[in-house]
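# Notes for the structure review
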Amino acid sequence: MERAQISREAKRTTAKGIIFEIERWSLSDGPGTRTVVFLKGCPLSCWWCANPESQSDRVQIGVFTGKCIDCDRCAEACDKGLALPAVKGGFSGNGPCRACNRCVSACPSKARRRMGEFVSASEVIKEIKKDSIFYRKSGGGVTFSGGEPFRQPEFLAELLATCKKAGIHTAVETCGLFNWETAADCIDLIDFVMFDLKHMDDRHHRRLTGASNSLVLENAEKMARAGVDMVIRIPIIPSINDSEENIRATAGFVREKLDTALGIEPLPYHRLGLTKYAALGLDYKLSDISSPDDDHIQAICHLITEERVRCFSPGSRYQKESNQSQLTRIK
Amino acid sequence: MNTMAAERVTDRRQTPEPTVSGARRKALMEQFRKAKPAICMERTLAFTNSHKQTEGQPVILRRAKAFRAVCESITVRIFDHELVVGTLGNGHRLGVLCPEMSWSWLKEEIDTITSRKAEPYQFTDENKKLFVEEIVPYWRGQSLEEFCLERMPEDHKNIGIGTGIMDTEMKWRSGVGEITPDHQDILFVKGYSGIKNEALDQLRQLDNLSRENQEKRDFYRSMIEIAEAMITLGKRYSTLAESLAENCSDPVRKKELLTIARTCSNVPANAPASFIEGLQMVFFVQLGCLLAESSPAFNVGRFDQFMFPLYQADIEAGRLDRAEALEQIECLWIKLSEIFWLLTENGAKYYAGYCGFQNLTLGGRKRNGRDATNEVSYLALEATANVGLHQPSVSVSIHPETPDEFLIEVCRLARRGNGMPAIHNDIIATQMMMYKGLPPDQARDWNGLGCVVPSTRKVSEWTYAGQYNMAACLEWALNRGKSRKTGQQFGLETKDPATFTSFDDLLESFYGQVKKLIKTGYETTIIQQLVHQESVPRPFFSAMVEGCMESGKDLTRGGAKYNAGPGWVVVGCADTANGLAAIKKIVFDQKKTTMAELCSALDNNFEGFEELRQLLVNSPKFGNDDDYVDNLQVELADFSDREFRQYRDVLGLPFHSAIMGLTFNIPTGNSLGALPCGRFAGVPLAEGSSPHPGTDISGPTACIKSLGKMNHENQPGGTLLNLKFLPKAVEGERGLYGLSALIRAYFELGGYHVQFNVVDARKLLDAQLHPEKYGSFVVRVAGYCAIFTECTKEVQNEIIRRTEHCAL
Ligand code: SF4
Ligand code: SF4
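From a predicted model like this one, the values you see are computed outputs, not experimental measurements. (Residues numbered from 1 in each chain as written. Chains lettered and ligands numbered in written order. Predicted model: local features only at pLDDT ≥ 70, side-chain atom pairs only at ≥ 80, totals over all residues. Heavy atoms only, no water.)

## As for helix H3 (residues 42-53) of chain B
Note: α-helices contain 3.6 residues per turn, so residues at a spacing of three or four share the same orientation. Here H3 of chain B spans 17 Å end to end across twelve residues, near enough to the 16 Å set by a 1.5 Å rise per residue. What H3 of chain B keeps buried is the set Arg 43, Thr 44, Ala 46, Phe 47, Thr 48, Ser 50 and His 51 of chain B. (Helix = DSSP H or I, 4+ residues; strand = E, 2+ residues; numbered from the N terminus. Expected span 1.5 Å × (residues − 1). Buried < 20%, exposed > 50% of the residue type's maximum accessible area, 1.4 Å probe, protein only.)

## Brief notes about the domain arrangement of chain A
Residue and element names in this part refer to chain A. Domain boundaries assigned for chain A yield domain 1 (3-56 + 117-330) and domain 2 (60-115). Each side of the interface is counted separately: domain 1 has nine residues, and domain 2 has seven residues. Buried surface at the junction of domain 1 and domain 2, summed over both partners, amounts to about 710 Å²; 60% is from carbon and sulfur atoms. For domain 1, the biggest contributors to the area lost against domain 2 are Glu 117, Ala 279 and Leu 280; these three give 56% of the whole. Connecting domain 1 to domain 2 are one salt bridge. A salt bridge links Arg 114 to Glu 117, with the nearest nitrogen and oxygen atoms 3.0 Å apart. (Domains from an automatic or database assignment. Contact = heavy atoms within 4.5 Å. Buried area = accessible area lost by both parts, 1.4 Å probe. Salt bridge = Lys/Arg side-chain N within 4 Å of Asp/Glu carboxyl O.)

## Looking at the site of ligand 1
For ligand 1, the full set of nearby residues is Ile 61, Cys 78, Ala 83, Phe 91, Cys 97, Arg 98, Ala 99, Cys 100, Asn 101, Arg 102 and Cys 103 of chain A. Here the residues of the shell around ligand 1 sort into eight nonpolar, one polar and two charged. (Near = heavy atom within 4 Å. Nonpolar A, V, L, I, M, F, W, Y, C, P; charged D, E, K, R; others polar.)

## What to know about the sheet that holds strand E10 (residues 263-268) of chain A
All names here are of chain A. Spatially, eight strands are ordered E5-E1-E2-E6-E7-E8-E9-E10 in an open sheet, and the strand pairing comes out mixed. What marks the edges here is a single partner per strand, and that holds for strand E5 (117-120) and E10. Within this sheet the neighbouring strands show an average axis-to-axis angle of 35 degrees, counted without direction. When strand E1 (residues 16-26) meets strand E2 (residues 34-39), the two strands line up antiparallel, connected through five bridges. Its bridge partner lying in E2, Ser 26 is registered against Arg 34. In the packing of helix H12 (residues 294-306) onto the sheet, the strands contacted are strand E9 (229-236) and E10, and the crossing angle to E10 comes to about 160 degrees. (Pairing = 2+ DSSP bridges. Axes fitted to C-alpha atoms, helices over the stretch in contact; angles between N-to-C directions.)

## Section: the sheet that holds strand E6 (residues 422-425) of chain B
Residues and elements named next belong to chain B. Taking strand neighbours across the sheet as the criterion, the five strands line up as E4-E5-E6-E15-E14 in an open arrangement whose pairing is mixed. Strand pairing shows two members of the sheet lacking a second neighbour, strand E4 (359-363) and strand E14 (722-725), which therefore form its edges. Averaged over all pairs of adjacent strands, the angle between their axes in this sheet comes to 30 degrees, without regard to strand direction. The pairing of E4 with strand E5 (residues 393-398) spans five bridges and is parallel. Across the sheet, Gly 363 pairs through a bridge with Ser 397, a residue of E5. The sheet contacts of helix H18 (residues 404-414) involve E4, E5, E6 and strand E15 (753-758), and relative to E5 the element is tilted by about 145 degrees.

## Brief notes about the pattern of salt bridges
Within the structure shown, the criterion is met by 78 salt bridges over all chains. In this structure, the salt-bridge partner of Asp 625 of chain B is Arg 24 of chain A, at a minimum N-O distance of 2.7 Å. A residue pair is termed interchain when its members come from two chains, as with Asp 625 of chain B in the loop between helix H27 (610-617) and helix H28 (627-645) and Arg 24 of chain A in strand E1. There is no split in this pair, since Asp 625 of chain B and Arg 24 of chain A are both buried. Residue Arg 151 of chain A is joined to Asp 57 of chain A by a salt bridge in which the shortest nitrogen-to-oxygen separation is 4.0 Å. With Arg 151 of chain A in the loop between strand E6 (141-145) and helix H6 (153-165) and Asp 57 of chain A in the loop between E2 and strand E3 (60-63), this pair connects stretches of sequence that are 94 residues apart.

Here you go:
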């Protein structure tokens, strides 16, 4: 115990991590009002990912056509001759952009944006603390999301430890694919976990996310045993993973293996990330799937409840069982 | 937020839909929708005729007698289904003209008033003829407007009339308005017969007719006229209801009419003895206010406080149940929406909506500091949600001990998206009232006035003496005192901006301009206060404010027990702070441009300077929790406060500052050229103390943190924060609790007022076309967040689609 603490102290000065966004005032990433810190880099590459910049663990340059005034400053600034006005595509060819940032700082309109930043834990904490008053008033706190936050275990552990020390409630959103041993330091510093289960059928999981679900399921069980408050989340992507079979299978798994979990929350698929796919010049695989409507989500909730697992419908608060019966009636 | 609170919220929702309420409300609303808003000339004519007969008498007495003549002669009407009755004359939805204040505007606009786009009024040819032939000739040269304009020096007129730089029109063209009847200690206690008796007593006690006592005598005689007038109005309604009952074949309606007859025979003459009598009293008084001086901001005041004892007594006696009380409140709400303040064409551009800013306050604390929320507070919120009209302007007062379930109900109403209720911090409002000079217990008993001003029934004040455009001062500092739009020399001829070598140089020129403008504002108000004293004393209002009866003095002469100095509204604070910050950053810190280049960019409205404009647009903006610019906003607001505080009004009271006003931002913006924040010429400025639209891109918590840095208690005329949300962002239970946490946090940070606008799909379509107007909607979904206007068209369409399907 003592040794663990010492090593954590030692790491404090060294740990830097890469993040791509800090968002204040989220009501849907854990209890209460939360600041969400998005750590960059993810082992999965889900077709529906809303944050394509979260996948790579390197700094990327995004170019937003809509803001570009075609002033050519970027092209002038790039000593590699790579940058082009955003309206003309942003880059010439596939040359090795070093993300040196020259074109970004030359761009007067913020049409070029740096996606990803290496930061120290203390810089992040400073941002997190800005909304402390909102956490206090709402029972909220900080949520580390991604990407996959457990991919940067030392950095995450330091962030978590500092937050705990400051009395800030901590939550983590995870895709489940991480090394439990290296993440172990983090686990007892987490108050709340949102754990994604994207598909129970491994064949589909491999196809849709690029990896097997076996480690994901194993980690989910470990997390359940670790005694952290946990909500299981299923992104609902119509015709991709929303079959009755998959929903029942997920709910069954939660009921049998994750009996300490608070319940399941279906997350309606949305296409709001499209802007960012365009900014990064990436293709979007699900171009003709639209987001599920409220009835669809209600139907999913119904299946989950039928499987005798609690379901948190969109907009409901995460409450412990005893109060839930009354609270779900408020919409 | 404890779970108990949540349970109670649920319980409340579970109470069965009141069966009694729906049908009547629907019928009344139907009638309301069919009625066309009109100008009624009855008040104008009776008031004028009375004046013809009282030439030479003391002004105050003439005004009181004229009021009495109005109450004795205007048509009384009771419409089907009504439980609360009364109109301003012969019609359903009416406004009245006060030619003694101003007639010229109507004369000028007489041909367009029925057809204009914003807020047209029906105005019959017969009435038009009457107006031109009878009214205008009598008041020519005798109106408040003419008296004020005659006295104002040319300089003050040049800068202060129709310029968008300074505006006091509401005080030279209309009565003061801005008052709250003291229902608790005067009207609900003694009624108008009590007022009459007190005046008679006071008259008897005047032992010698000294000069001072002569004036008192005039005053008390006016009080008697006012009281008689109101008593008569009530009696006339009672008689009408009785005769309607006689001829009514429907036994249910007949019974209702008889109740109305009984109610109106008791109020406003006497203290109301039942819940419905209380409601009727409130409405008679509102009618009286508009008949006396058609102006904005006649406030109902702390409705839940003075109505609760009547509610409780009726409930306990079994005379009333909750559903009936709700229905009765809804009836009053609809009546309050029927009467309005007549607007000029110009006014209609900014205040359109047939509104009168009749503020009604709920919640808050009692004088002893304990929570004052009661069942009527909840009923009033429910009625507001059910009726969904524009009046009354509901305000709620929130303090640390406000029950969570009340705040949740407030958020539920606020989430409906039309900006109602206005949510106020009780603690800061109290401090503001103390800053205005009230003792703490009276200050705690504050109520909302107009849109967001803290006031109380105990105080007489000009909460809105005028407004001045702070961004104009920045324009002048960068153009040697000249308007960039017209070239007129409005400000001081300060240094050539190209010679500024430091940010302090700029500040010095800028503050010099502000000082001069504020001084002009102060002088203008003094002139207007004098004219008001002389020509339009306020006997009707003096009867309902404590102190006048005791002192024998009219409100305009300081008769009230408590008086506060005039408030002046700062417009364009955020634009100014943003502009200063941009110059500081781009010119002096980063040296990316020069003052000379900046000025020519402004001269050219950024044409050919888009790159520079982008640098300016992307420099720090107020509303993002960035001290670089937030500190400037704080400094500007504090400066305005200090500058005004040094001036004294006609009663010797200090002026004060405010940063509110929802619509002033439009004409003020129109008067300006391009600004160094990157804003183009003519674009509206920020609303009140809110960030400039579209520039607060860091979400509501950052915005609230920025606003929280300001010293709101030093702006006792009110501050205003308008937060806009997408419906999805605040849906469900999370949304309700999320909003309530925002409010609690903002108020702990010392914020004063916040209101929520939840946008609909139509607004978003507009935002797609005009991103500069909206910009800052934060799109929030689990694990994802973006700013609406930064999304591609395709994503925006997706968001619009989601918005359409969101049921709150
Ligand atoms: S980040 Fe650097 S290397 Fe990459 S395009 Fe911009 S200037 Fe060129
Ligand atoms: S610098 Fe920015 S605005 Fe200018 S051309 Fe490049 S991307 Fe467009």
